[in-house]
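Read off the chains here:
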Amino acid sequence: MPVVHRFDPPERFVAGTVGEPGARTFFLQAREGARMVSVALEKQQVEALAERMDELLDELMNDSRVRAVIPAVAPLASEDGAPLEQPIEEEFRAGTMTLSWDPDDERIVVEVFPYTEAAVVDPAQVGEDLTEPEPEEVFLVRLSASAARAFVKRAELVIGAGRPSCPFCGHPIDPDGHLCVRANGFRRRSA
């Protein structure tokens, strides 16, 4: 049986970072009372989770079978601009994540499973019948629709707080510029 880090609902569930742009480590962090769990993940995982959560909330808003009130934007009272809580002790590094809606409790359900080498499928194995290994831990968070919108808003701010993107190639620009492949190797400087 895996260890389940369950927050139903958390007092706080946020995405945040530690470090300077270009060398940031991203975390999902949930707190309920004195209990706190931090899971490390990639920027792209935060971005994908926030985008999909926002899309799911939009779908639920337009679904006549959903009884819950789904806010179109994050309520002002739920905004959270505070930094991650200390100490940040990484429980595990995120691998697979799932997102769903529980219609009985009217909650968004986020499940995060640890990254494992055994779960990585080689392209040659795509047609094979593989069994996924049982995870040792699961990070499970159940959120109201309002809390989910607040998570999305903060995640978008966290993602946008990194290095600016090059207008030509889209790659991040370091403080000293970068070699832009679309500009034939000429160094672009940030404005």
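Sequence order as written defines residue numbering, which begins from 1 separately in each chain. Local features in a predicted model are, by the rule used here, given only for residues with pLDDT of at least 70; side-chain atom pairs are given and counted only at 80 or more, and totals for whole chains, interfaces and linings are based on all residues. Side-chain metrics rest on all non-hydrogen atoms present in the structure, leaving aside hydrogens and water.

1. Side note on the sheet that holds strand E6 (residues 107-114)
Heads up, the rule is: We call two strands paired when DSSP finds no fewer than two bridges between them. Secondary structure follows DSSP: runs of H or I at least 4 residues long count as helices, runs of E at least 2 residues long count as strands, and numbering of each begins at the N terminus. To get an axis, fit a line to the C-alpha atoms, keeping to the stretch in contact for a helix; angles then go from 0 to 180 degrees between the N-to-C directions. Any two residues whose heavy atoms approach within 4.5 Å are treated as being in contact.
Taken in spatial order, the 7 strands of this open sheet run E1-E7-E6-E5-E4-E3-E2, and their pairing is mixed. Lying at the two open borders of the sheet, with one neighbouring strand each, are strand E1 (3-7) and strand E2 (12-18). Here the strands of the sheet are splayed against their neighbours by 30° on average, with no regard to which way each runs. In this structure, strand E3 (residues 25-32) lies alongside strand E4 (residues 35-41), joined through 7 bridges in antiparallel fashion. Each residue of the ladder has a partner; that of leucine 28, found in E4, is valine 39. Here helix H1 (residues 43-61) sits on the sheet in contact with E2, E3, E4, strand E5 (90-102), E6 and strand E7 (137-143), set at roughly 15° to E5.

2. Side note on helix H2 (residues 145-160)
One turn of the α-helix equals 3.6 residues, which is why residues spaced by three or four share an orientation. The condition that has to hold: Given a helix with a known number of residues, its expected span is that number minus one, times 1.5 Å. Exposure categories follow from relative accessible area, calculated using a 1.4 Å probe and restricted to protein chains: below 20% of the type maximum is buried, above 50% is exposed, and the middle band is partly exposed.
Across its 16 residues, H2 extends 23 Å between first and last C-alpha, which sits within 8% of the 22 Å expected from 1.5 Å per residue. Within H2, burial applies to Ala145, Ala148, Arg149, Ala150, Phe151, Val152, Arg154, Ala155, Val158 and Ile159.

3. Considerations on the pattern of salt bridges
Filter applied, for reference: Between Lys or Arg on one side and Asp or Glu on the other, a salt bridge is scored when a side-chain nitrogen of the former is within 4 Å of a carboxyl oxygen of the latter.
In the structure shown here, the tally under the stated rule is 18 salt bridges. Close ionic contact of glutamate 42 with arginine 93 constitutes a salt bridge, the shortest N to O distance being 3.3 Å. Placement of glutamate 42 in the loop between E4 and H1 and of arginine 93 in strand E5 is noted, with a sequence separation of 51 residues between them. In this structure arginine 93 comes out as partly exposed when scored by relative accessible area, which is 33%. Between arginine 142 and aspartate 105 there is a salt bridge, with its nearest N and O atoms 2.7 Å apart. Of the two residues, arginine 142 sits in strand E7 while aspartate 105 sits in the loop between E5 and E6, which places them 37 residues apart along the sequence. Overall, aspartate 105 belongs to the partly exposed group, its relative accessible area being 46%. Where salt bridges share partners, they join Glu11, Arg12, Arg31, Asp80, Glu85 and Arg154 into one cluster.

4. A word on the confidence of the model for the protein
Inclusion rule: pLDDT gives the predictor's per-residue confidence on a scale running from 0 to 100.
For the protein, the average pLDDT comes to 88, and 89% of its residues sit at 70 or higher. Ranking the helices and strands of the protein by mean pLDDT puts E4 first, with 98, and strand E9 (residues 187-188) last, with 52.

5. A look at the side chain of glutamine 45
Worth spelling out the cut-off: Polar contacts here mean pairs of N or O atoms no more than 3.5 Å apart (in protein, one a potential hydrogen donor and the other a potential acceptor; neighbouring residues in sequence count only if both atoms are side-chain atoms).
Relative to the assigned elements, glutamine 45 resides in helix H1. A distance of 3.4 Å separates a polar side-chain atom of glutamine 45 from the backbone oxygen of alanine 94. Ignoring anything within four residues of it in the chain, the contact list for glutamine 45 reads Ala94, Gly95 and Met97.

6. Some points on unusual backbone geometry
The omega angle of the peptide bond from aspartate 8 to proline 9 is -10°, so this bond is cis rather than trans. Backbone torsion omega between glutamine 86 and proline 87 reads -5°, so that peptide bond is classified as cis.

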